[in-house]
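The primary structure of each chain is shown beneath.
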Amino acid sequence: MAASPKRQKMLITGRVQGVGFRPAVYRIAQSLGLTGLVYNDTKGVTIELQGREDEMAEFLARLQSGPDKPPLAEIKSFDTVEIPAVKGETEFVILSSDSAGPVLSEVTADAAACDHCLAEMADREDFRYGYPFINCTNCGPRYSIVKTIPYDRPNTTMSAFKMCRKCADQYGDVTDRRFHAQPVACGACGPEIWLTDSRGQTVESGTDRVIAEAGRLLLRGKIVAIKGIGGFHLAVDALNDGAVLRLRQRKRRDHKPFAMMADSIETIRKYAVVSKDAERVLRGPQAPIVLLPRRENVTIAPAVAEGVSTLGFMLCYAPLHHLVFAQGISLLVMTSGNISDEPLICKNEAALERLGCVADAFLMHDREIYRQVDDSVIHLVKQQPVLLRRARGYVPTPIINAHSSRDDIFAAGADLKNTFCFAKQNQLICSEHIGDLEDAEVYHHYISSIEHLRGLFEVEPKITVCDLHPGYLSTQYALSLSGMETIEVQHHWAHIASVLTEHGIPGPVIGLVCDGTGYGTDGAIWGCECMIASLERFERIGHLACYDLAGADKAGKEAIRPVLSLLKKAYGDDLKPDGVEWLLGRIEPDQAKLRTILQQLEKGVNTVKTSSLGRVFDAVAAMLGLGSYNHFDAQLPMALEAVIEAGVDDNYGFELISKTDGPLGLDLSIMIRELTADVKNSVASGVISAKFHNCLAAGLLDMTKAARGSCKLNTVALSGGVFCNQYLINRLISLLRKADFHVLFNRIVPSNDGGISLGQAAIAASVSQR
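Read on for a plain summary of the structure. Since we're looking at a predicted model, the values are computed, not measured.

Scoring rules and cut-offs
Residues numbered from 1 in each chain as written. Predicted model: local features only at pLDDT ≥ 70, side-chain atom pairs only at ≥ 80, totals over all residues. Heavy atoms only, no water. Helix = DSSP H or I, 4+ residues; strand = E, 2+ residues; numbered from the N terminus. Rg over C-alpha atoms; globule rule 2.2 N^0.38 Å. Buried < 20%, exposed > 50% of the residue type's maximum accessible area, 1.4 Å probe, protein only. Contact = heavy atoms within 4.5 Å. Areas by Shrake-Rupley, 256 points an atom, 1.4 Å probe, with all protein chains shown as cover. Lys, Arg positive; Asp, Glu negative; His and termini not counted. Charge placed at Lys NZ, Arg CZ, Asp CG, Glu CD. Salt bridge = Lys/Arg side-chain N within 4 Å of Asp/Glu carboxyl O. Pairing = 2+ DSSP bridges. Axes fitted to C-alpha atoms, helices over the stretch in contact; angles between N-to-C directions. Core = buried A, V, L, I, M, F, W, Y, C linked by side-chain atoms within 4.5 Å. Arc of directions from axis to C-beta.

**Some details on the overall build of the protein chain**
Secondary structure summary: the protein chain contains 22 helices and 31 strands in total. Taken over C-alpha atoms, the radius of gyration comes to 28 Å for the protein chain, in line with the 27 Å a tight globule of 770 residues would show. Going through the 770 residues of the protein chain one by one, you find that 59% of them count as buried. Considering only intrachain contacts with a sequence separation of at least 6, the fraction spanning at least 24 residues in the protein chain is 70%. Entry remark: accessible area of the protein chain is about 29400 Å², with carbon and sulfur atoms responsible for 48%. Of the side-chain charges in the protein chain, 81 are positive and 91 negative, and the distance between the mean point of each set is 2 Å.

Now the structure itself:
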C-alpha cells in the first residue's frame, strides 16, 4: 500500500519577491509530481506542498541551492509546519498575492541587465532587438519603480504601460523567464526614449536615431544627461580633458573625483589594476562603482580624478547604457545628475530645470523612477568588498538582526553621509545614501525619504533613536517627533554597534573608532576612540590625546587650524625651532590669520577639546605641501594616502600614556616633531606619509593590546571614516591578526557615517528589550 501523502506549509522570507521565485517553486514541484500552491504575501512567499516525504526533501534541497534557485533570490528564513493533506488535489498552482498582514517581505534591489537579456537585445531576430528597457525576472529595475508591496505590476510605475499580447503571453507563462517579471515590456507596448536639447525641445526620436545621435554628441565632447535606472547621469568623454573641465565648471564640482563607466573589463584594465576579486564585484548584479589602483601614465583626462591613487569604475548595467556604448564608445565619465551635492535628479522636468545649464542634450525616457537611487561605491579590504556608499543594487535589502525588536524603531542617522534605518521585528532596513543634511534640498529629500520607506514597509515607530550631538539636524528632527520614546546614542558607540550587527554578535568587543568628529559624553569632540562595547553599553578606555582646536566647523576645512593645534601641543608656546615658522608660512602666508588662530588657542576663544584623528590627517597633508583646504570631505587625507611610498616599514614615534583615573592616551607629539624635522630636511613626501600611517597603525595596535590586558577580550571591531583609508586598515588588520586578535570590520554598510543609523537601530532594539 502506498504511503499517505504528507502536506507541509512553508513560510520563506528574504529576497524572494520579484526574482522569479514562485516560477522556480512551480517548476521544481511539477518536475517532482508534487501538488499544492504558492503565493506572495507581505512576509515573503508561502508554499503549501503535498507529496511523498522524499520528494518534498528533494524539493527543499533544489530550491535552496543549485541551478534551480533563481539567481537574485536570497533566502533568510525557512519555516515549515505539517498541515492536513488535501484530498483530490491534482496540480500545483500559483495564486495571486496576499497583501494583508504586517509587511516583512524584502523588496528586491535593482539589478544589472543579465546576459540572457543582453543576448536577446543584440539578436536581430528577437522582437526586443535593440530595446533599451529589456528585462526579466533575473534583472532590471525593482526598488526604483515600486510604490508599495507586494511587488506586483499594479504597484509599480510600470502600471502605466499595458502589455501587448507577446509580452502578456510571456508574463503569464510559468515556464518562461519573464513569468511575472513586473517591468516586462517591448518596443510595441513599453517605455520609449527621445533626445532633447538643453531647453527640452525634442531633437530626435525613434530608438535607433536617438542612440546614434547621443553617441555622436558624446564622441564630440558634449555633455549628455542620461536617464537610467535610479536617476540621471551626466556623461562626458573621459579621455577629453576639455570636456571634463567643462562638466566640472557647469556642475560646480571643482575637485571631487568623477566615477567612470566602461564597456568591458578589458577597457578598465587599460587604466587600473583589476584583481579577480574586484572583477567579480564589477560583474555582479549590483554593478557598483569599484575603486581600483590606477596605472601610471594613463590617457584618462587629468581632470577626472586628481590627487588620488585610485580610479572609480563601473560597467554598463542598464540596457540603455549598452546601446549607447555600442556607438564606438569605450569609456565615459558618469557622474550623478545633480548640481554639486544636491539630491540625485530622477524626474524629466526637474532635470531640464536644474541641469539645463549643465548638459548639452538629454537622453530621456518615460518610465517613471519612483525612488531615486545613487550608484553604490565599493573598495576592497583584505580582498573583500567593502561598501563606501550603500545605494543602488544593495538597498533596501534588510540586515537581519540577531533578535527581534518588540517595537518598530526609527534611527535618524548622522548629518554627514546620512542614511536612516527602520527596525521592524528582526529586520533592520537601511535607506540608501541620502547625503549631507546641511544642504536644504538634501534635508527635504531626507524627510520625504523617511516617509516613503516607512510607508513601503508599513513601519509604525514607537521608538526614535538619534545622535547625542544637539546641533545635528537629524537629532533635531528625531526629537521633534511626538508620541515616541527617544534614545540618544553616542556617535562612536553606534559605529561599533554597526560592526557587531553586521557580524551577528552582541559583544562585548574592543572597539577602535577613528574619524573626524563625534560628540562625546563629556561634551568634547571625540575622533579616535578605544572602547569596550556591546549592544547594551560601552566604556571609553582609550583615545588620542586631546588637543585644542580653534574655529569650530572651519577646522574641518582649513588645515592650518589643526596644524597650529598639533604643533602647539608638540612644542608648547615656542613655535620657532626646527623650521616650524617656515612650515607655517608655507601653509598659510597670511600672518594676521596665523596670529588670530594662535590667540584663539592661547585664550580658549571658540576652541574645543578634541581627539579627532581625521584632523591629524588634514594637518599632516598640509605640512607635506599636498594642500591646505578640504574642498570636499577627506580631500586632504585622500591626497596623503595617494603619495605613500611602497616598501617603507619605519614609523614615527608615539607615546601611550596610562592614567590611574582615566582612559589611556595616545600622544602623537613625538610624531609631529619627527615629521617636522623630516619636512625641513626634504625627506620625500611618500616616505613621510608611509611613516605617518605606520605610526598610527602601531599606536592603535599598542592601545588595543593595553585594552586586552585589562578586559581579557580578544575580538576587536574597527569602524569610522578614517578606516576608509585602505593602506591604514589593511596594515592595522595585519598587525592585529599577527598579535592574535580576531578582527571585525564593516563590509555591508560603510565604516563612515553612512553606517551610523544601523548601529543606532541595533542599540535601540537591544536596549528596549531590557
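We are not done yet, so read on.
**Observations regarding the pattern of salt bridges**
Counted by the stated rule, this structure contains 35 salt bridges. With a shortest N-O distance of 3.3 Å, Arg-209 and Glu-204 are connected by a salt bridge. A relative accessible area of 22% means that Glu-204 is categorised as partly exposed. For Arg-216, the salt bridge goes to Glu-213, with nearest N and O atoms at 2.8 Å.

**Some thoughts on the side chain of His-365**
Positionally, His-365 belongs in strand β14 (residues 361-365). Once residues lying within four places of it in the same chain are set aside, the contact partners of His-365 are Phe-133, Glu-192, Ile-193, Trp-194, Lys-227, Gly-228 and Asn-348.

**Thoughts on the sheet that holds strand β5 (residues 92-94)**
Whenever strands of a sheet pair, they do so through backbone hydrogen bonds, lying parallel or antiparallel. Within the open sheet, the 5 strands sit side by side as β4-β1-β3-β2-β5. Their pairing is mixed. Each edge of the open sheet carries a strand with a single partner, namely β4 (74-83) and β5. Direction aside, the axes of adjacent strands within the sheet are offset by 15 degrees on average. Alignment of strand β1 (residues 6-15) against β4, held across 9 bridges, turns out to be antiparallel. Considered in β4, the bridge of Ile-12 is made with Phe-78. Its contacts with the sheet put helix α1 (residues 21-32) on β1, β2 (35-40), β3 (45-51), β4 and β5, and the angle it makes with β5 is roughly 170 degrees. Helix α2 (residues 53-64) rests against β1, β3 and β4 of the sheet, and its axis sits at about 150 degrees to β3.

**Brief notes about the nonpolar core**
Core analysis: the largest hydrophobic core is formed by 74 residues, its most contacted members being Leu-363 and Tyr-446. Each residue touching Tyr-446, except ones within four places of it in the same chain, is listed here: Phe-410, Ala-412, Asn-418, Phe-420, Ile-434, Leu-437, Ser-474 and Tyr-477. Residues Tyr-547, Ala-550, Leu-613 and Val-722 belong to the second largest nonpolar core, which totals 73 residues.

**As for helix α15 (residues 580-587)**
Within α15, burial applies to Val-580, Leu-583, Leu-584 and Ile-587. Along the axis of α15, the buried residues cluster in a sector spanning 95 degrees; they form a single face.

**Description of unusual backbone geometry**
In the segment running from Val-395 into Pro-396, the intervening peptide bond is cis, with an omega of 10 degrees. The omega torsion of the bond from Gly-507 to Pro-508 falls at 10 degrees, within 30 degrees of zero and hence cis. Topologically, Pro-508 is positioned in the loop between α13 (491-503) and β23 (509-519). We note that Lys-417 has phi near 50 degrees; this positive angle belongs to a residue other than glycine. Relative to the helices and strands, Lys-417 resides in the loop between β18 (409-411) and β19 (421-424). A positive phi is found at Ser-682, a non-glycine position, where the angle reads about 60 degrees. Take Ser-682: it is sitting in the loop between α19 (669-680) and α20 (685-711).

**Considering the environment of Ile-487**
Structurally, Ile-487 can be placed in strand β22 (residues 485-489). Each C-alpha atom of the pair Ile-487 and Pro-396 lies 24 Å from the other, and the pair is 91 residues apart in sequence. If we skip the residues at most four places from it in the chain, Ile-487 touches Ile-463, Thr-464, Val-465, Cys-466 and Ala-764.

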